[in-house]
Each structure stands twice: as C-alpha cells, then as structure tokens.
Amino acid sequence: MTDSLLLSLALLLPIAGMISIPLLPHPFRAKANFVFVLLIAAATSIPAVKALTGNAVDIVISKTLVFGNISLHIDSLSSWFILIINLTCINGAFYGIGYMKKYDQQRANLSMHWILFLLFQSSMLWVCIIQNGLFFLIAWEIMSISSLLLVIFEHHRHEILKAGMNYMVQMHIGVAFLSVAFIWVYSSEGSFDFSAIGNFFSHNQNVWLFLLFFAGFGIKAGFIPLHSWLPHAHPAAPSHISGVMSGVIVKMGIYGIIRIALMLKSDLILIGESLLILSILTGIYGILNAAVHRDFKKMLAYCTIENIGIIGAGIGLAIIGMGMNNSFLLVIGLSGALLHTLNHSLFKSLLFFSSGSVYQQTHTRDMEKLGGLVHKMPQTAALFLIGSLAIGGLPPFNGFVSEFILYTGFLHGIKIPMLSGLHSTLMILSFAGLAIIGGLSLLTFTKSFGTIFLGSPRRQLHHNPSEVSLVMRLPQFFIVAVMLSIGIFPQLYFSAVLHLITSVVPSVQLPDVSIFQTTITLMAEIGIYSFMFLCLLILVFLIRNILVRNRTVIINTTWGCGYIAPHSKMQYTGKSFSKTLGKLLGFIVTEKKKYTELKAEEIFPQARKHSTHYTDFFEDNIFNKVINRLIHGMGYFRFIQNGRIQMYVLYGVFFIMLIFLGTLFGFI
Amino acid sequence: MISFILIILASIFFTGIIIRTKSIVTGRKGPGIFQPVKDVIRLWKKGAVYSKTTSFIFQIAPSIYFASVLMAIMVVPFGQYKGIISFEGDFVFFAYVLALGKFFSIISALDTGSSFEGMGASREALYSMFAEPAFFILMGSFALLTGKTSFQEIFASLHFGSSISYILGVLATFVLAMITMVENSRMPIDDPKTHLELTMVHEVMILDNSGFDLGMILYATNLKFAMYGALIANLFMGSFPLYLTIPIFFGIQILFAIAVGLLESFTARFRMNHNAQYIFVLSSVSLLIFFGVLLMLGRFN
C-alpha cells in the first residue's frame, strides 16, 4: 500500500511544484525546483530500491475508460533506470541553479524552464513505470515535448529554434514507429499491456516487430542512421539540460530496447548479430565524428552516439547469448550494457557540466577560440580531465569497468566451441572494434582537453574567465566520487546488476547463477588493481616531488626551435590535431570548404575568408538528398496553397459538396 | 615477481645494445651498453626548466607515464610464472594502463602550447590508435587457440605443434615486434635520431621536458622495450624449467635489441603520411593469425 501512496505522491509532487514555482519569489525558484526534484526522486527511489532488492512493485489500475487495465510495474530493470534518472536529474537541477544565474532577467522564461524540468523528470520516471502501451506512449510524448521545450530555452535565436524543430520532427517519427508497433500488438493480442508483446513474440515472427520497436526506440537512443537529432539538439540546449538529456533521455531508448529484447522468443541470433554489428558501427562512426568537430558540445553529442554503440554492443551480445542458451554471454552482455548506461550517465553529465562552465565563462562553444583555461579555471579543467579519462575507459575510473566486462564477453564469445568460424570472426572484429573506439576516444579527448584548457589563449575573450561558483562545481565533485566508487568497488555494482538480471531474465535461460561468483571475484580484483594503480601513480609522483624539491627550477618560454617571436596563434589547433585522421577517413567524415579562388587578374588580392566544416555522412548524403527531392516534388502542389482566402473557402465548399454528393449516391 | 625483476634488469642494457649495434654497423666504436642508463641517472640528478605556459599537467604527466609503464610490467608473466598481477582478461588491463600513460604524455605535450609538440602529439595519438586493434586481435586469437584469457595462462598453454602453428608463431612475433616499434616510436615509424622537429613523433613531444622528468620519460622507454621484449620471449618459453627460461629470456631480449639495431641501420623511416596505413596493416596480419587459428581448430565450415 505504501508503494501506491508513494507513486501517487510522485504524481502529485510535480503538479504541486508546477503550481508553486511560478508563485514563489524569483530568486527561490531554482532552489525550489531542486527541492521538488529531490522529493520526486525520493518518492520514486524508495520503491525502486525495494524492487532492486527483490520485491517488485506491481499496481494495476483496473478498468479505466480509454486504456483498459493500466499496470504500473517497477521491476528491477525499471528501478535501475529510475535510479539513474534520479541521480542525473538531482545533479542537473543543482548545477542548473548556478548555470541559469546569467539568464536572471528572463523571469517568465526561467520559471517556465523549471516547471518543464519537473515535468521532464517525472515523465521519464513514468516511462519506466508504466507497462501499458497506450499510456506509455503518452508519457513518452510528454517526455519528448518537455525536453524539446527545455532545449529551446533560448528560442529567440534562429539556430536553436531550428535544432528544436529538427528534434521535434525526429522524435515524432520515432513515436510513429512505436505507435504502429503497439497497435500491431493490440490488433493481434487485443491488449496494450506489455505482457501482450511477449505473447505476440511467442507465436509470430520476431524480427519485424522488433525492427519497429528498434526504430522507435533507436531514434531516441541515437543508433546510426537514426542519430542525426543528437548533434543538433545537445549543443542548442543549456548545459545542465544537455547533461541530463545525454545522460538519461537517450537511455530511455536503451531501456525500451532492453525491455523488448528480453521478451524475444525466436530469431535471436539474427537480431543479436545485426544489433551487434550496427552498434559497433555506431560506436566507430560516433567517435570518429567527435574527433573532428570543433564545437565542443557537438563533440560531446557525437561521443554520446559512440557510447550508445558500446551499450548496444552489450545488448547485442546478450541477445546472442539468449539465442545460444549461453547464460554467461547473456549475463555479461547485459551487465556490461547496464553498467555502461550508469557509467555513461555519470561521466557524460560531468563532461557536459564542466564544458557548460567553460561556455558560461567564455560564451563560445568553439574550442579553436579557447586555450590556456587551465590557469583560469583549474578545477573545471581537472573535472573535465577526469571525465575524459573515464569516458576513454581508462583505469582507475568507472568507464574501464563496463568496457572490461564487454571485452570479457567478446573474449568468451570468440571461444564458444559451438560457434562456426563466421561467428568467431564477428566476435573478434567487434572485439577489435571496441579497441578502435577506445583508441579514437583517446585521440578525441586529448584533442578536446588540450585545445580547450592547455597551451595559451588563442583569442582575446570579451571578459576574463574565472573559476565558476561552488554551486556549479559541487555536483561535479559528487559525480567524480560516485565514478571512483564504481572504479574501485566494481563488485558491489556488478553484483547489484547480476541480481537485477536474475530477476528479469526468464529462469530457463539462467540455469545456474553460482558460476558468476568467479566473475564477482574478478570484478573485486579489478577494483583492487585499479586502486593499486591509483596508489602507484600518486606514489611515483610523491617520490619525484621529494627528490626534486631542492633542485634549481628555471621558468622560461616554451622551446620554439630557435624562433624567437612565437605567437599564440602558432599553437597546434584542434583541427590540425585531428586533420590526419579526418583525411584518412575522409569518405566517412567529409570536409566541406568554403572559399573563393584567387583569380589570375587579381594582382592585389583583397582580404578573403576560408572556412571548413565537417558534415555528417548520413545527414548530408542520405537524409538531405531525400528531403530535397521531396521538397522538389511537393513544389508542384504549391499552387494549392496560394494565400488567397477565396480559394481556401472554395476548397472547403468543394469538399463539402464532394461528401454531400458521395453520401447522396452512396459512394461513402 | 620474477618477470618484474628480469624486465627491470633487461631494461638496463636494452637500448644500449641497440645503440651499440648501430654504431658497429656504421663502423664506429660507439658508447658502452650502459650509457643510456648512465644518461638517465645523470638527468635524475639535474634541476629542470619549465615553460611558463605549462600547468600542473606538465608536472604530473611524466610521473604518470612512468608509473603506467611500471604497472603494465607487473602484468607481464614469465613463462608459467604469473606476473605480480594476473587475472582473466589482464591483457585488456595492460593495454588500458598503457593508454592512460599515453593520454598524459600527449596532453603534457599540448600543455606547452608549442606547434611542434602538438604535431608530435597528434601523430602519437593517431599511430597508437591504429596499433590498438592489432594487439587486441592477436591476443583474441591466442585466447581462441588456448581457450584461456590471461597472459600467463595463454603463454603457458601455447604449444607449437603443427606446421601452421610455426607460421603463426612467426607472424605473432612479427606483429609484437612491430607494435613495440610503434609504441616506442622507433624505425620504421619514427626516427629517434632525426635532427628536424617537423619529422619527429615522440622526440618532439618531450622537447620541453628536462631534468628528472626527462629522465623518467627516457627510462620509461627503456622499460617499454624490455617489456615488449619479454612478451615476445614469452611466446617461446612455454613450460620449460627456470634454468632454461632465464637464458631464453635474456637471449631473446638481446637478439631483439640487435634486430632493432640492424633494422634502424638499414631502413629509412616510412613516409609520414603512409605510416597510418602501414600500422593498420598490422591489424590485417593479426587477422591472418586469427584465421590461421580457426584453420587449426577446424572451425571453417
């Protein structure tokens, strides 16, 4: 009973918040929002923790007018995502208090923003709780709309509105796929309940329905070629919103895919292998684009696509495991995916927050205009650095844990004796693909960190940047602490995930859980070794400091190879850092240049501009071409929309006549 | 533990042998084989010059680089004897620990704000990225061949029996040796003796390092050489007793060093813009090893 009480509280709290925030005096609104976020988080986390420890919450609101029976169900899978949402939203709301300070003049806009934030958080939570297709779609839609309105906070700027439109259209294409999928299940099983999907799978072909669901959820998650909203929406949104969006809203797509994947009954190997291939390609494509872009929030958005690829690879591995009745592969794949979901939500929000701090102080997202910020904002630099290390999967941080689990999964996949050569080859290529992704993310983040924070400033900024307020730094330190705890005590998190998996996966596929005891000890060992590594790093540095403390130290300029008038513009730029890579793989990341050629008759050339930018392969070569054709084709019908009211009245009369005559002669 | 000590020992003379080989081939007498270590010790006693552009990154990076190499050495086994650290999938840990060191050495080069050092950093990042899959495919093939996933178990149960396995052994040695050259920025990927900053990779990254830090970076290179040499030696040690494996270990380290010296004497560095493709070829060779393993296990059907 207490659960239903808490859930109704979770429904009432955002409403109370939405009413009370605009009524409060202006300076308290952001803080009130944080309090409400905290309260909603508490109300939903209590049943979630309960479900994670074994008692699933199951509430059925029976016989509603439109939806039939609505079942609310918090099992351990939902609760994992609920906890991630709450953690990220709390951090985001806290960071937002400081980040939105500079927009203090836009009072109405700002209070709308905080209202929407509450709506956004609770709609995501309900997406995880509701198990009724139709009702789920409503929550899903509220989530999309509220996040859209959050993204276009600076709606007076043209490019931000455009990014918002793009986001809205793509989200609705996703909803269309999902609606079709749910209606298909309804027409076949007569129910919108999620359990009907499982029934559908048991006596129909699985591939097509899964494909529909995958298209719908995949747009949200950002698998290629459905990713193109991400690089537009993330840079447009305020940083705490991008952090939360990248941290959790794309994970709702992952949630949906896992939810559906666990119900699959046949065609498992085909689905699993296709998903695995697509995911690895997504990962490589995402990080490759991230490596070449100079807008650092766009870079982070592409990097989100990369991480979705890594998570997807885990899910693919799990589905293959289900198909081969190999419980080890299933558990390793799924636990890698779930842990990486948590990890990514942590380090990606950390990176978005710290880059938001940079944006707030410098008012530019172009890393080529920055440089040397480490002297002005040392703490932000350190936080960004930690985020970069973690996202590259480097020990002793949390990214290593989930990537290690996936590597273990692939290694196991290579060795499965019943697999034919082709499957083993797929496994080893994915294994190497993950290594390439790791290498590329090292390149991407050394470039980004180096260009933004190191060296000397490349441009004179309008005002002198300084370290951001404590309100903005505090949630980031908190995230770092959580990340370190995962890196050093992975066994705790792994056993939680293991428990989760045993409770949601049908027991037929998990004959014996005790074999994973060795994996838990392995995780514990990794934690110890990561900690040992951390200690060794500190130890070496301390010994070095003790040994050099009495040595003479001279401070001088950087060695310029004999050149005595160096200039900050001579520094290596981010663009040139990744230029060789971009050139080598120019068939994927195409570079567009804009310049006017020097003509022969121009003896005294005027000042001219040269600009280059990288385009998205799918957006540029596929979508834009199709859309341009469509627009061209639609142009022939433009005479209908001619702006004359008389004509529009005539259309109305025409159709009324048509219907009248149709009924008269019995056509309709 | 035994591998850790032996690798440290081998690192003392490894680069010395390379230099000695090169000088003998070019008809010079050359320095003694302990000269590189003496240079490092001299550097360890010196003060330092720091650029005023640099930040704390520049201070901590050499130590982290050095520590990461030390940590990676702890993972390397010695025949049937485990390294200090050994667990299933430890070679992933090995690669990622080294990657952390590389991360810091790259950003410390960027920290100086020099155009040359940025260029070296960019090249280093690119090359190591391309070398990564080769190592992983190689280890994955061994895992498939032996059914084991840790360094020590893989090397202990690696048997050369059929004719294919000898070919695989040769190819694996080649791939490991080439990865060593890439990771240590030696010929034919990078020329450590070049006099022009524009054509350097690793050397240009450490232009601004001096004193103790430079000593650590240089010694880390020696350690890395000996570490990869140990990996190659492990391919051949099998489960022989210790009185055989220790001579095998040193024999292979010395042979490897001489081979590196000869290679550096008789080849020129590849064209910079073809390096990436060349390194990527290593991945193809690794894939060849993988298919060879599949062939051995009769999994092609």
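Structure's up top.
Since this is a predicted model, take the numbers as computed values, not measurements. (Residues numbered from 1 in each chain as written. Chains lettered and ligands numbered in written order. Predicted model: local features only at pLDDT ≥ 70, side-chain atom pairs only at ≥ 80, totals over all residues. Heavy atoms only, no water.)

1. Section: the overall build of chain B
Within chain B one finds 11 helices and 1 strand. When its helices and strands are written in sequence order, chain B yields α-α-β-α-α-α-α-α-α-α-α-α. Taking 19 Å as the expected radius of gyration for a compact globule of 301 residues, we find that chain B reaches 19 Å, a close match to that expectation. Judged by the C-alpha coordinates and their principal axes, chain B covers about 60 × 40 × 40 Å. Sequence separation of at least 24 residues holds for 80% of the intrachain contacts in chain B that already meet a minimum separation of 6. (Helix = DSSP H or I, 4+ residues; strand = E, 2+ residues; numbered from the N terminus. Rg over C-alpha atoms; globule rule 2.2 N^0.38 Å. Contact = heavy atoms within 4.5 Å.)

2. Some details on the overall build of chain A
When helices and strands are tallied, chain A shows 23 helices and 5 strands. Its C-alpha atoms give chain A a radius of gyration of 27 Å, near enough to 26 Å, the size a compact globule of 668 residues would have. Dimensions of chain A, computed from C-alpha atoms along their principal axes, come out at roughly 95 × 75 × 60 Å. The 668 residues of chain A split such that 58% are buried. (Buried < 20%, exposed > 50% of the residue type's maximum accessible area, 1.4 Å probe, protein only.)

3. Focus: the pattern of salt bridges
Residues and elements named next belong to chain B. Counted under the stated rule, the structure contains 15 salt bridges over all chains. The shortest N-O distance in the salt bridge between Glu264 and Lys22 comes to 2.8 Å. A residue pair is termed long-range when its members are at least 10 positions apart, and Glu264 in helix H10 (residues 242–266) and Lys22 in helix H1 (residues 2–25) qualify at 242 residues. A residue is classified by how much of its surface remains accessible, and Lys22, at 17% relative accessible area, is buried. (Salt bridge = Lys/Arg side-chain N within 4 Å of Asp/Glu carboxyl O.)

4. Observations concerning the interface of chain B and chain A
At the interface, 83 residues of chain B touch 76 residues of chain A. For the chain B and chain A pair, buried surface summed over both sides reaches about 6600 Å², with 77% attributable to carbon and sulfur atoms. When the area that chain B buries against chain A is broken down by residue, the three leading residues are B:Tyr96, B:Phe103 and B:Arg299, summing to 11%. Where chain B touches chain A, the interface holds 1 salt bridge. Measuring nitrogen to oxygen at the nearest pair gives 2.8 Å for the salt bridge that ties A:Arg544 to B:Asp213. (Buried area = accessible area lost by both parts, 1.4 Å probe.)

5. A word on the packing of aromatic side chains
Residue and element names in this part refer to chain A. Per the counting criterion, the structure on display carries 59 aromatic pairs over all chains. Summarising the aromatic geometry, the rings of Phe617 and Phe618 are spaced 5.4 Å apart at their centres and angled 90 degrees between planes, so their arrangement reads as edge-to-face. The partly exposed category is assigned to Phe617, whose relative accessible area is 26%. According to the relative accessible area criterion, Phe618 is buried, its value standing at 15%. For Lys220, the ring lying beneath its charged end belongs to Trp140, and the centroid distance is 5.4 Å. (Phe/Tyr/Trp six-rings, centres within 6.5 Å; stacked < 30°, edge-to-face > 60°. Lys NZ or Arg CZ within 6 Å of the ring centre and 35° of its normal.)

6. Concerning unusual backbone geometry
All names here are of chain A. The amide bond that connects Ile224 to the next residue, Pro225, takes the cis arrangement and shows omega of -5 degrees. Tracing the backbone through its elements, the reader meets Pro225 in the loop between helix H8 (206–221) and helix H9 (230–236). The phi angle at Asn325 is positive, at roughly 55 degrees, despite the residue not being glycine. By secondary structure assignment, the location of Asn325 is in the loop between helix H12 (296–323) and helix H13 (327–362). Judged by its relative accessible area of 63%, Asn325 is exposed. For His363, which is not a glycine, the phi torsion comes out positive at approximately 60 degrees. The residue His363 is located in the loop between H13 and helix H14 (373–376) in this model.

7. Notes on a nonpolar patch on the surface
Together, A:Ile645, A:Val649, A:Val653, A:Met657, A:Phe660, A:Leu661, A:Leu664, A:Phe665 and A:Phe667 make up a nonpolar patch on the protein surface, roughly 980 Å² of accessible area in all. Mapped onto the elements of the fold, A:Phe667 is located in the segment after helix H23 (645–664). (Patch = residues over 30% accessible without salt bridge, like charges linked within 9 Å, V, L, I, M, F, W, Y side chains within 5 Å. Areas by Shrake-Rupley, 256 points an atom, 1.4 Å probe, with all protein chains shown as cover.)

8. Some details on the packing of helix H4 (residues 90–111) of chain B against helix H9 (residues 211–237) of chain B
Residues and elements named next belong to chain B. Between H4 and H9, the least distance of the axes is 14 Å, while the angle of their chain directions is 165 degrees. Between H4 and H9, the crossing angle belongs to the class labelled roughly antiparallel. The way H4 lies across H9 gives a crossing that is left-handed. Contacts between H4 and H9 involve Phe94, Leu98 and Lys102 from the first element and Lys224, Met227, Tyr228 and Leu231 from the second. (Axes fitted to C-alpha atoms, helices over the stretch in contact; angles between N-to-C directions. Parallel < 35°, antiparallel > 145°, perpendicular 65-115°, else oblique. Left-handed = near helix turned anticlockwise from the far one by under 90°.)

9. Details of the side chain of B:Thr15
As for its placement among the helices and strands, B:Thr15 is situated in helix H1. Those residues in contact with B:Thr15, other than ones at most four positions away along the chain, are B:Pro36, B:Arg186, B:Asn222 and B:Phe225.

10. Looking at the nonpolar core
Residues A:Trp80, A:Phe81, A:Met124, A:Ile197, A:Leu338 and B:Phe94 are the most contacted members of the largest nonpolar core, which totals 328 residues. In terms of residues, this core owes the most to one element, H13(A), which gives 18 residues. Setting aside anything within four residues of it in sequence, one finds A:Ile197 in contact with A:Phe182, A:Val185, A:Leu209, A:Phe213, A:Ile260 and A:Met263. (Core = buried A, V, L, I, M, F, W, Y, C linked by side-chain atoms within 4.5 Å.)

11. Some words on the environment of A:Ser76
All names here are of chain A. With respect to the helices and strands, Ser76 occurs in helix H3 (residues 76–99). In this structure Ser76 touches Ala51, Leu52, Leu500, Ser503 and Val504, once residues within four positions along its chain are discounted. Within polar-contact distance, the side chain of Ser76 engages the backbone oxygen of Leu500 at 3.4 Å. (Polar contact = N/O pair within 3.5 Å; in protein donor to acceptor, adjacent residues only side chain to side chain.)

12. Structural notes on helix H11 (residues 268–292) of chain A
A rise of 1.5 Å per residue sets the reference length of H11(A), with its 25 residues, at 36 Å; its end C-alpha atoms lie 36 Å apart and thus fit the reference within 8%. Where burial is concerned, most of H11(A) is hidden: 18 out of the 25 residues are buried. (Expected span 1.5 Å × (residues − 1).)

13. What about the packing of H1(B) against H9(B)?
All names here are of chain B. Where H1 meets H9, the closest approach of the two axes is 8 Å, and the angle between their N-to-C directions is 105 degrees. Accordingly, the angle class assigned to the pair H1 and H9 is roughly perpendicular. On H9, the residues that touch Ile7, Ile8, Ala10, Ser11, Ile12, Phe14, Thr15 and Ile18 of H1 are Tyr219, Asn222, Leu223, Phe225, Ala226, Met227 and Ala230. Split by residue class, the contact of H1 with H9 holds 12 nonpolar, 3 polar and no charged. (Nonpolar A, V, L, I, M, F, W, Y, C, P; charged D, E, K, R; others polar.)

14. So, H13(A)
Residues and elements named next belong to chain A. Here H13 spans 51 Å end to end across 36 residues, near enough to the 52 Å set by a 1.5 Å rise per residue. With 36 of its 36 residues buried, H13 lies for the most part within the structure. The distance from a side-chain oxygen at the start of H13 to the backbone nitrogen of Phe328 is 3.1 Å, and the residue carrying that oxygen is Asn326. Just downstream of H13 lies His363, where phi reads positive at about 60 degrees.

15. Details of the environment of A:Ile526
By secondary structure assignment, the location of A:Ile526 is in helix H20 (residues 517–548). Overall, A:Ile526 belongs to the buried group, its relative accessible area being 1%. A C-alpha to C-alpha distance of 8.4 Å links A:Ile526 and A:Gly487, two positions 39 residues apart in sequence. Apart from the residues within four sequence positions on either side, A:Ile526 is in contact with A:Phe400, A:Phe404 and B:Phe87.

16. Quick word on the side chain of B:Asn275
All names here are of chain B. One can find Asn275 in helix H11 (residues 275–296). Here Asn275 falls in the buried class, since its relative accessible area comes to 0%. Within the structure, the side chain of Asn275 is placed 3.4 Å from the side chain of Tyr127, a separation counted as a polar contact. Not counting residues up to four positions away in its chain, the partners in contact with Asn275 are Tyr127, Pro188, Ile189 and Phe270.

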